[in-house]
Amino acid sequence: MRKWTVPSALLLLCLLCVLPDQGRKIHANAEGDSEELVNPPKVEEKIGAVPNGLSTDSDVAMREAESISRKTLRANAEKFQFQAEVSRLMDIIINSLYSNKDIFLRELISNASDALDKIRFLSLTDKEVLGEGDTAKLDIQIKLDKAKKILSIRDRGIGMTKDDLIKNLGTIAKSGTSAFVEKMQSSGDLNLIGQFGVGFYSVYLVADYVEVISKHNDDKQYVWESKADGAFAISEDVWNEPLGRGTEIRLHLREEAGEYLEEAKLKELVKRYSEFINFPIYLWASKEVDVEVSADEDESTDEEETSESSSSEEEVEDDDAEKKPKTKTVKETTSDWELLNDVKAIWLRNPKEVTEEEYTKFYQSLAKDFSEEKPLAWSHFTAEGDVEFKAVLFVPPKAPQDLYESYYNTKKSNLKLYVRRVFISDEFDELLPKYLNFLKGLVDSDTLPLNVSREMLQQHSSLKTIKKKLIRKALDMIRKIAEEDPDESNDKDKKEVEQSSDDDEKKGQYAKFWNEFGKSIKLGIIEDASNRNRLAKLLRFESTKSGGKLASLDQYISRMKPGQKDIFYITGNSKEQLEKSPFLERLTKKNYEVIFFTDPVDEYLMQYLMDYEDKKFQNVSKEGLKLGKDSKNKDLKESFKDLTKWWKSALASDNVDDVKISSRLADTPCVVVTSKYGWSANMERIMSSQTLSDANKQAYMRGKRVLEINPRHPIIKELRERVVKDSEDETVKKTAQLMYQTALMESGFMLSDPKDFASNIYNSVKSSLAISPDAAVEEEDEVEETEAESKEEASTSKVDDTAAEADDDVKDEL
């Protein structure tokens, strides 16, 4: 036995020497088959982060390069299986919830911001949690590696422990796919803002392998990794640079996601979705700079050889020049951290602390409008109650050219929705009605429930509350423009305004607003019944007493005559045309004010705006106009009874409903009015000019036409006498027909048979010139006409022959 004792001891010593080297080899080959645990070098605990994450020791750099280059799960990592069917899970997330791949960056930045918020909140009571140096800097860093197709997002937030990684990054799978789908469809109130979970899983839209490296103050640094193939793995991080505190997410991008390796694309996404995040967002960006370097030696040698053949004076000059260092400017590419979100979220500040210049600058950034014009008005407010939110609304100085071209088809809104300063969408019709879509601004809510992907808002009751408050604030903002405009004040208040304000900037501002966006206010009266009265106060128009300026309904009512019960208006093509209308004759003589509506939308508007301040609207071109009691009216009706009855029968073929004595005419013999609830002449013209109009269907909407005659006019008196003498007189019938056609044209209607009207006019002219009605038009001599035609044909043929000869000559020359 003693013979074998010494050799056995030597053998054991050799084995002990070999085993440590073998352990290192096993660790170096992380993808090996061995499941034996090894003791690799650990990351030092509580070590500070390396400045900017750019420099590290050689061992860490080598291990980090190995980690970055891998696309397989680490062999010694603790593996977990997803609880739900991953294929179905990914199908829901990628295909159903996320229609836009760009939002993955928004999700990751939002999560990073939430993590930074949490550590900042903890630091309020314990400043030591922030650490020292770079670890205490609360920012977000984005870096890309084009060669390895890796995009990294790093924050110095609260970080995650091993348990946090298992719990938070398995949120969806842990609850089960079926339960997740049922909950999403039934309630949609999955408030996952600020948690890793569904938002985080949007990374698989662009990546096929993801690493999450995280360090919490209460735990070691761990790596979470997954390929979304049914499993994820977690291991203690001994490969990567110490983070100090926080989280770094590395996305190994798919082949088709190469666009996200471009700096310009990343800048665009950050500007769009995360411009107003509270924490600075940096991108490791490259740029070209001009650098002065020393000139090449070859160039200096050539210069010396050339100078030897010159004169002695030149040699002295060259020697002096050689003493000075020769340099040249070259382009060099350098990289540095570039700040991407430099615009401050002013809506989070007190409105009293924000200056006019800051509002203007913010509007220009928000609306991408860098003209010199300021917004006409803005409203900055905070809403509290069931739903809390902050908002800033702006009235642009000019309307876009296509504002009303696709009014009912467009889905895009100029109002952006943010949740905790993260851009969600600008396609929410629920936030503002269409007639206010000219407003620009944003809404930021910390309590607004979002669905799982942060991309689509559910039809939630809180949206209705936000919409209601936004509309009220928007209308108050527009009303304030009018109240502060000196031109809008009443005559009694003008002197007070002039004395109290020396600033003329607000003068004429509401007229400018009305010229740009007045049609939107009218559309609002049509569409928004609950705010119709508020919108009616903003309505502006010209009238017979406005003196060429815009007037309001309140100003009209203040100028109404005693006993006047109705608000009179008339519609037409232009103010100039309406001022000459026969419908205004009696009203003008009696000093009544009449509103001019010249916009085509006004016809639709007045179908919805039936009254204002208990005053009914009356179209002066329709039936129902009352201008006080006339004691002689009954006597006039009786005296002209025979004429009106005869005239009605004479116009039976023209679909005239009735012939009546008029109370609105002064100098015109007759006009044609329509029934109270039918189309006016202006509305008939508008409808007939529609591209897809149907004449058969329009016939049902045309108002009944009534011919009103002026009993004081000499033509009407003479016509009554002629009818009494001989009601069968053809001349009288033709005269009555001509007067009706003339009244139709003067009242704004279109003639159904213009040829017949023209023929009646010509016959009337013949009669006034004492020309016989049977007088015929002289015919031209047919012989002369034939000779002239033959001469023309002959000359034409000669020209053709000459041209043909010229063409032949050119061909011959060629």
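Keep in mind the model is a prediction, meaning the values are calculated, not measured.

Thresholds applied
- Residues numbered from 1 in each chain as written.
- Predicted model: local features only at pLDDT ≥ 70, side-chain atom pairs only at ≥ 80, totals over all residues.
- Heavy atoms only, no water.
- Helix = DSSP H or I, 4+ residues; strand = E, 2+ residues; numbered from the N terminus.
- Buried < 20%, exposed > 50% of the residue type's maximum accessible area, 1.4 Å probe, protein only.
- Contact = heavy atoms within 4.5 Å.
- Areas by Shrake-Rupley, 256 points an atom, 1.4 Å probe, with all protein chains shown as cover.
- Axes fitted to C-alpha atoms, helices over the stretch in contact; angles between N-to-C directions.
- Parallel < 35°, antiparallel > 145°, perpendicular 65-115°, else oblique.
- Left-handed = near helix turned anticlockwise from the far one by under 90°.
- Nonpolar A, V, L, I, M, F, W, Y, C, P; charged D, E, K, R; others polar.
- Pairing = 2+ DSSP bridges.
- Polar contact = N/O pair within 3.5 Å; in protein donor to acceptor, adjacent residues only side chain to side chain.
- Phe/Tyr/Trp six-rings, centres within 6.5 Å; stacked < 30°, edge-to-face > 60°.
- Lys NZ or Arg CZ within 6 Å of the ring centre and 35° of its normal.
- Core = buried A, V, L, I, M, F, W, Y, C linked by side-chain atoms within 4.5 Å.
- pLDDT = per-residue confidence, 0-100.
- Patch = residues over 30% accessible without salt bridge, like charges linked within 9 Å, V, L, I, M, F, W, Y side chains within 5 Å.
- Salt bridge = Lys/Arg side-chain N within 4 Å of Asp/Glu carboxyl O.
- Lys, Arg positive; Asp, Glu negative; His and termini not counted.
- Charge placed at Lys NZ, Arg CZ, Asp CG, Glu CD.
- Arc of directions from axis to C-beta.

(A) Representation of the overall build of the chain within the structure. Looking only at helices and strands, the chain features 27 helices and 22 strands. By the burial criterion, 43% of the 814 residues in the chain qualify as buried. A separation threshold of at least 6 residues defines the contact pool for the chain, and within that pool the share at least 24 residues apart is 75%. Split by element, the accessible area of the chain, about 46200 Å² in all, is 48% carbon and sulfur.

(B) Quick peek at the packing of helix α24 (residues 714-725) against helix α25 (residues 730-746). In contact at an axis separation of 11 Å, α24 and α25 are set at 150° when each is read in the N-to-C sense. On the basis of their axis angle, the class for α24 and α25 is roughly antiparallel. Between α24 and α25 lies a crossing whose hand is left-handed. In contact with I715, I716, L719, R722 and V723 of α24, α25 contributes V732, T735 and M739. Among the residues forming the contact of α24 with α25, the class breakdown is six nonpolar, one polar and one charged.

(C) Molecular detail of the sheet that holds strand β12 (residues 415-419). Strand order in this open sheet of five strands is β10-β11-β14-β12-β13, and the pairing throughout is mixed. Both edges of this open sheet fall to β10 (377-383) and β13 (422-425), since each of them pairs with a single strand only. This sheet shows a mean twist of 20° between the axes of neighbouring strands, independent of strand direction. Note: β12 against strand β14 (residues 440-445), five bridges, orientation parallel. Each bridged residue has a counterpart across the sheet, and for L417 the counterpart in β14 is V443. Set on the sheet, helix α11 (residues 356-367) makes contact with β10, β11 (389-395), β12 and β14; between it and β14 the angle comes to about 95°. Sheet contacts for helix α12 (residues 461-484): β10, β11, β12 and β14; angle to β11, the most-contacted strand, approximately 40°.

(D) Geometry of the side chain of T161. By the element assignment, T161 lies in the loop between β3 (150-155) and α5 (162-168). A relative accessible area of 15% places T161 in the buried class. Polar contacts involving the side chain of T161 include one to the side chain of D164, which spans 3.1 Å. Beyond its immediate chain neighbours, meaning those up to four positions away, T161 contacts H216 and D219.

(E) Spatial organisation of the packing of aromatic side chains. A full pass over the atoms with the stated rule returns 20 aromatic pairs. Ring centres of F362 and F394 lie 6.2 Å apart, and the angle between their planes is 40°; on these two criteria the pair is classed as tilted. Taken together, the residues span a long stretch of sequence, with F362 in helix α11 and F394 in strand β11 at a distance of 32 residues. Among the residues examined, F394 registers a relative accessible area of 0% and is labelled buried. The interplanar angle of 55° and the centroid separation of 6.1 Å between the aromatic rings of F438 and F513 together place this pair among those described as tilted. Taken together, the positions of F438 in the loop between β13 and β14 and F513 in helix α14 (residues 509-527) put the pair 75 residues apart, joining distant regions of the chain. Its relative accessible area of 2% is what places F438 among the buried residues. Positioned above the aromatic ring of W284 is the side chain of K143, whose terminal nitrogen or guanidinium carbon lies 5.2 Å from the ring centre. Looking at K519, its charged tip hangs above the ring of Y404, at a distance of 5.5 Å from the centre.

(F) Region of the structure containing the nonpolar core. Residues V395 and L470 are the most contacted members of the largest nonpolar core, which totals 77 residues. The greatest single-element share of this core, amounting to 10 residues, is contributed by α12. For V395, the contacting residues outside a window of four places in its chain are P375, L376, A377, F438, L439, M477, I481, F513 and F517. The next biggest cluster of nonpolar side chains, apart from the first, holds 65 residues, and it includes L138, L169, I249 and Y359.

(G) The pairing of β10, seen in detail. Within β10, five of the seven residues are buried, which leaves it mostly tucked inside the rest of the structure. Note: β10 against β11, seven bridges, orientation antiparallel. Within β11, the position partnered with W378 by the bridge is F394. Counted between consecutive antiparallel strands, the loop separating β10 from β11 contains five residues, among which G385 sits at a positive phi close to 135°.

(H) Seen up close, the confidence of the model for the chain. Of all residues in the chain, 72% attain a pLDDT of 70 or more, and the chain-wide mean is 77. When the elements of the chain are averaged for pLDDT, helix α6 (residues 171-175) gives the smallest value, 43, and strand β17 (residues 594-597) the largest, 96. Predicted confidence for residues 183-197 stays below pLDDT 50, and this span has 39 contacts to residues more than four positions away or in other chains. Predicted confidence is poor over residues 300-317, with pLDDT under 50, and the contacts of this stretch with residues over four places away or in other chains come to six contacts.

(I) How the structure looks around the sheet that holds strand β18 (residues 611-612). A sheet is described by the order of its strands in space; here five strands give the open sequence β15-β17-β16-β19-β18, paired in mixed fashion. The sheet terminates laterally at β15 (542-543) and β18, the two strands that pair on one side only. Of the pairings in the sheet, the one linking strand β16 (residues 566-571) to β17 comprises four bridges and is parallel in character. Bridge pairing in β17 links I570 to F596.

(J) Representation of a positive patch on the surface in the model. Side chains of K468, R472, K473 and R534 sit close together on the surface and give a patch of like positive charge. Its location among the elements puts R472 in helix α12.

(K) Structural detail: the environment of D102. You can see D102 is positioned in the loop between α3 (86-97) and α4 (103-123). Other than its neighbours up to four places away in sequence, D102 contacts Y260, K265, L269 and Y273. A polar contact is formed between the side chain of D102 and the side chain of K265, at a distance of 3.4 Å.

(L) Structural view of the packing of α25 against helix α26 (residues 754-768). One can describe the packing of α25 onto α26 by two numbers: an axis separation of 10 Å at closest approach and a directional angle of 125°. One finds that α25 runs oblique with respect to α26. Judged by the twist between their axes, the crossing of α25 over α26 is left-handed. Residues Q737, L738, Q741, T742 and M745 of α25 pack against D756, F757, N760, I761 and S764 of α26.

(M) Layout of the pattern of salt bridges. Enumeration according to the criterion identifies 32 salt bridges in this entry. With a shortest N-O distance of 2.8 Å, E356 and K374 are connected by a salt bridge. You can see E356 sitting in helix α11 and its partner K374 sitting in the loop between α11 and β10, a full 18 residues away along the chain. E356 gets classed as partly exposed once you look at its relative accessible area, which sits at 34%. You can call K374 partly exposed: its relative accessible area is 42%. Among the salt bridges present, the one from K575 reaches E579, with a minimum N-O distance of 4.0 Å.

(N) Quick look at helix α21 (residues 641-650). Those residues of α21 not exposed but buried are L643, T644, W646 and W647. Taken down its axis, α21 places every buried residue within 165° of arc, on the same side. Facing away from the buried side of α21, by more than 90 degrees, are the exposed residues D642 and K645. Considering only its buried residues, α21 is in contact with β20 (656-661), β22 (705-709), α24 and α25.

(O) Quick look at the pairing of β3. Counting buried residues in β3 gives six out of six residues, a clear majority hidden from the surface. Alternating residues of β3 divide into I150, S152 and R154 and L151, I153 and D155, and every residue in both groups is buried. Taken together, the six bridges between strand β2 (residues 140-145) and β3 define a ladder with antiparallel strand orientation. Counterpart to Q141 in the pairing with β3 is R154. The turn joining β2 and β3, which pair antiparallel and follow one another in sequence, is formed by four residues; a positive phi near 55° is taken by K149.

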